[in-house]
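Structural overview
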Amino acid sequence: MAVRIGFVGVGYIAKQHLKRVLADPEAEVVALCDTAPQAAEATRRSVLEALRGAVPERVLTAFAGLPVHTDPVRFFQQERLDAVFLCLPPFVHGEVEFAAIEAGVPFLVEKPVALDLRTATAISRALRDRGLIGAAGYQSRYADIVPYVRSRLDGRTVAMTLAHRFTKLPGRDWYRHQDRSGGQVVEMATHQVDLLRLLVSDISTVYVSGGRRIATRAESEIFDTAAASLTYANGAVGSLVTNMVSGHGNPAFARGIHIIADGLTVSVLGHEGESRTVEVVTAEGREERQFTDDSMAAQDRAFVRAVRDGRPELVLAPYEEAVRTLATTLAHQQSAQSGLPVRVDALLGAAVPSLS
């Protein structure tokens, strides 16, 4: 029997998930919810157009006929769901997640999972207490690059990492407000932070210089440039350099991460949701390998099957892991504001006395 799926938030990122979930024969999208129903209808039209001829017509007909709820909390009282995708903007996390948990509905929530650690750790505890699957939208954890990079790093000591995220300031108004987006690293470069945590180790300390160089304060509250020094729990060091001023173009090296280990350097070139190149440099020479897998599709399938079969281990980005990634990015923001190094565990400890 297909897993009955709901969506709360039917905007851009929901569109990407819907195109994949509707193509999954083991999932059935049965309900939609968005506080802006006109925007949700635009998303629905776009998805229908994209999938025409690619999935069974009966699936598209059913999807086209779904009503759009507008109250995210009542949504869980009105619909019978096996699971839900929460495709929410950063500033509205909390109430919807707790409504899903109260209704006993497992969820996959897009990153960042919150803008403060008290909310995120409370949600994490509630999921654990109810025994519910909670997944986070860190799709790179499902990419084929991960086992390949791990195999190349196996048994080697990592000394240093370099990571970049260079782009332009997004046009969405909420992105420009610190209390609504969290800034570039919390909202966007969180993907680089999560992948580094996965491939190297937890990040223990962050020390950041941040600036507002191009956009005026009236145009944007968030830092548009930042350079961070990272110290990993395993002793490695690294840097994370970000900007939102280079929409005119970027050098190739500025689209990914580089891991420098004993006798080997691995570069993952490209961002989540793209085809990526992994370049490996050793004393013997240089080699490249291309990866074109759809990591979001793999993530969404894993979540559906985890719910269907009661196998939480299929979720490679569980909610509690996303909380630690959030803590790392919030430490980045706090350090950029204060000009002082910030320990990630200190932030977690301040949010909740014990995670055990």
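One can find the structure itself at the top, above this paragraph.
All values derive from a computational prediction rather than experimental measurement.

Describing the pattern of salt bridges
A complete count under the given rule lists 20 salt bridges for this structure. Between R305 and E26 there is a salt bridge, and its shortest N-O distance comes to 3.3 Å. On the criterion of sequence distance, the pair formed by R305 in helix 11 (residues 295-309) and E26 in the loop between helix 1 (12-21) and strand 2 (27-33) is long-range, its members being 279 residues apart. Residues K111 and E187 are paired through a salt bridge, measuring 3.2 Å at the closest nitrogen-oxygen approach.

A few points about helix 3 (residues 57-64)
Buried within helix 3 are the following residues: V59, L60 and F63. What you see down the axis of helix 3 is that its buried residues fit within an arc of 95°, all on one side. Away from its buried face, by an angle of more than 90 degrees, helix 3 presents the exposed residues R58 and T61. Buried residues along helix 3 sit against helix 1, strand 2 and helix 2 (37-51).

Comments concerning the layout of surface pockets
Empty pockets left among the atoms are what a rolling probe the size of a water molecule brings to light. A volume near 1,400 Å³ is recorded for the largest pocket. What lines the largest pocket is a set of 50 residues, among which Y12, I13, K111, R172 and E187 lie closest to the centre. When residues of the lining of the largest pocket are assigned to their parent elements, the largest contribution, four residues, is made by helix 1. Residue classes in the lining of the largest pocket are distributed as 24 nonpolar, eleven polar and 15 charged. As a volume, the second largest pocket reaches approximately 350 Å³. Looking at the lining of the second largest pocket, the element that brings in the most residues is helix 6 (residues 117-130), giving five residues. A per-class count over the lining of the second largest pocket returns eight nonpolar, three polar and five charged.

Some details on the packing of aromatic side chains
If you walk through the whole model with that rule in mind, you get seven aromatic pairs. Between the aromatic rings of F107 and Y319, the centroid separation amounts to 6.1 Å while the plane-to-plane angle is 85°, which identifies the pairing as edge-to-face. A residue pair is termed long-range when its members are at least 10 positions apart, and F107 in strand 5 (residues 107-109) and Y319 in helix 12 (residues 319-338) qualify at 212 residues. The exposure classification of F107 matches that of Y319, with both residues buried. Ring geometry for Y148 versus F291: centroids 5.5 Å apart, planes at 50°, classification tilted.

A look at the side chain of H332
For H332, the location among the structural elements is in helix 12. In this structure H332 touches V185, V206, V208, A226, A228 and L240, once residues within four positions along its chain are discounted.

Some thoughts on empty space enclosed by the protein
With the rule as written, the count across this model stands at three cavities of 30 Å³ or more. Its volume calculated, the largest cavity comes out at about 100 Å³. Forming the walls of the largest cavity are 15 residues, and the residues nearest its centre are Q184, V185, F223, H332 and Q333. Of all elements in the fold, only helix 9 (184-187), strand 9 (225-232) and helix 12 reach the threshold of two or more residues within the lining of the largest cavity. Here the lining of the largest cavity is composed, by residue class, of five nonpolar, nine polar and one charged. Around the second largest cavity, the lining residues are S140, H191, Q192, L195, G256, I257, V268, G270, E272 and R276. Per-element tally for the lining of the second largest cavity: the top contributor is helix 10 (residues 190-199), with three residues. A per-class count over the lining of the second largest cavity returns three nonpolar, five polar and two charged.

Cut-off values and rules
- Residues numbered from 1 in each chain as written.
- Predicted model: local features only at pLDDT ≥ 70, side-chain atom pairs only at ≥ 80, totals over all residues.
- Heavy atoms only, no water.
- Salt bridge = Lys/Arg side-chain N within 4 Å of Asp/Glu carboxyl O.
- Helix = DSSP H or I, 4+ residues; strand = E, 2+ residues; numbered from the N terminus.
- Buried < 20%, exposed > 50% of the residue type's maximum accessible area, 1.4 Å probe, protein only.
- Arc of directions from axis to C-beta.
- Contact = heavy atoms within 4.5 Å.
- 1 Å grid on protein atoms, 1.4 Å probe; cavity = no way out; pocket = protein on both sides within 12 Å on 5 of 7 lines; lining within 4 Å.
- Points joined across faces, edges and corners; volume = space filled by probe spheres on them.
- Nonpolar A, V, L, I, M, F, W, Y, C, P; charged D, E, K, R; others polar.
- Phe/Tyr/Trp six-rings, centres within 6.5 Å; stacked < 30°, edge-to-face > 60°.

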